[in-house]
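Chain residues, written in single-letter form:
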Amino acid sequence: LLGTGTCYQQAKRVLHAAVPDRLYAREKETGVIRQFLREHVCGRQPGSLYISGAPGTGKTACLSRVLLDCKDELTGSKTIVLNCMSLSSPQGVFPAMAQQLGLPVAAGREVVRRLEKQLMAQGPMVLLVLDELDQLESKGQDVLYTLFEWPRLPSSRLVLVGLANALDLTDRSLARLGARLAGSPQLLHFPPYTREQLTAILQERLGQVAGDPVLDAAALQFCARKVSAVSGDARKALDICRRAVEVVELEVRSQTLLKPLPGGE
């Protein structure tokens, strides 16, 4: 049983939504992000990139992969990664940034003023990555607008990358920026994964497990078809397959336990 048990453990491990070495069907998007970082962070050109796409389309995984791959190129700059879900309010992004930049704690407008001054002073480029950017959108507050305005300030050293599920966030909250096209954010959209792409992702992950396939090819096709019809969310497809492996594993275990002993009645 040990042999079969470990193959299920392995299968569950490879089906986790971790950042893989290579992101299937996202070569174009990875290239755009890499080029943007080289141009703006390494080339010391302030700017902003807005990445949109439904959950599970690879936005965060792609960006994480590029940040890992370009680690050496980005050593001369300061990288700050914040998940906006973890902030208690949209304005919380400012003290969180200040803390990462080693600025003294200040409240309200004062922290915004200090950050602005800091980002226009001499120093290394600052790469600010804001995941779940939708969380910063709120009525009557200019948090998003302020952030996207900063790379456009004279002698700014801020490069901003925002990730969100909404496609029209920039239209809604940043309409004033769009009016002056010169510095409006570069847009990158991640489309939902197709059935073929999801099948290939699942096959590639499970292909790392030695021995006979743990899940049938037809089952993978079925899962990919269902998920692509609803959302094209790769995380969901990985999750469904992981649960399927757990079910198979339990069945195998119970059958092994119930088998009569050799020589017994």
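Residues numbered from 1 in each chain as written. Predicted model: local features only at pLDDT ≥ 70, side-chain atom pairs only at ≥ 80, totals over all residues. Heavy atoms only, no water.

With an unreviewed UniProt entry as reference, the protein is termed CDC6 protein, source organism Haliaeetus albicilla. The Sequence similarities (unreviewed entry) field of the UniProt record for the protein holds the comment "Belongs to the CDC6/cdc18 family." (UniProt positions renumbered as here; feature names shortened; annotations may be inferred.)

As a further point, take the packing of aromatic side chains. What the rule picks out here adds up to 1 aromatic pair. Here the basic side chain of arginine 26 rests over the ring of tyrosine 193, its NZ or CZ set 4.1 Å away from the ring centre. (Phe/Tyr/Trp six-rings, centres within 6.5 Å; stacked < 30°, edge-to-face > 60°. Lys NZ or Arg CZ within 6 Å of the ring centre and 35° of its normal.)

Now for the domain arrangement of the protein. You can read the domains of the protein as domain 1 (3–19 + 193–258) and domain 2 (27–189). The partner domain 2 presents 7 residues to the 6 residues of domain 1 that form the contact. Here domain 1 packs against domain 2, burying approximately 500 Å² in sum over the two surfaces, 55% of which is carbon and sulfur. When residues of domain 1 are sorted by the area they lose upon contact with domain 2, Val19, Tyr193 and Arg235 head the list and together hold 75% of the total. At the surface where domain 1 touches domain 2, the tally comes to 0 salt bridges. Viewed at the interface, domain 2 and domain 1 are joined by 1 residue pair in polar contact (both at pLDDT 80 or more). Taken together, the residues that form the side of domain 1 that touches domain 2 break down as 3 nonpolar, 1 polar and 2 charged. (Domains from an automatic or database assignment. Contact = heavy atoms within 4.5 Å. Buried area = accessible area lost by both parts, 1.4 Å probe. Salt bridge = Lys/Arg side-chain N within 4 Å of Asp/Glu carboxyl O. Polar contact = N/O pair within 3.5 Å; in protein donor to acceptor, adjacent residues only side chain to side chain. Nonpolar A, V, L, I, M, F, W, Y, C, P; charged D, E, K, R; others polar.)

As a further point, take the layout of surface pockets. Space left empty within the atom packing is revealed by a probe, the size of a water molecule, rolled over the atoms. The calculated volume of the largest pocket comes to roughly 500 Å³. Taken together, 29 residues line the largest pocket, and the ones lying closest to its centre are Gly56, Gly58, Lys59, Ala61 and Arg235. Elements with a minimum of two residues in the lining of the largest pocket: helix 3 (59–69), strand 4 (158–164), helix 9 (195–206) and helix 11 (234–258). Tallying contributions element by element places helix 3 first for the lining of the largest pocket, with 4 residues. Split by residue class, the lining of the largest pocket holds 14 nonpolar, 7 polar and 8 charged. Each of domain 1 (3–19 + 193–258) and domain 2 (27–189) contributes no fewer than three residues to the lining of the largest pocket. The computed volume of the second largest pocket comes to approximately 190 Å³. Every residue along the wall of the second largest pocket is listed here: Arg13, Val14, His16, Ala18, Val19, Pro20, Asp21, Arg22, Glu204, Arg205 and Gln208. (1 Å grid on protein atoms, 1.4 Å probe; cavity = no way out; pocket = protein on both sides within 12 Å on 5 of 7 lines; lining within 4 Å. Points joined across faces, edges and corners; volume = space filled by probe spheres on them. Helix = DSSP H or I, 4+ residues; strand = E, 2+ residues; numbered from the N terminus.)

As a further point, take the pairing of strand 4. Extensive coverage of strand 4 is indicated by the burial of 7 of its 7 residues. Burial along strand 4 is two-sided: the face carrying Leu158, Leu160, Gly162 and Ala164 and the face carrying Val159, Val161 and Leu163 are both buried. Relative to strand 4, strand 1 (residues 47–52) is paired through 6 bridges, and the arrangement is parallel. Looking at the pairing, serine 52 lines up with alanine 164 of strand 4. (Buried < 20%, exposed > 50% of the residue type's maximum accessible area, 1.4 Å probe, protein only. Pairing = 2+ DSSP bridges.)

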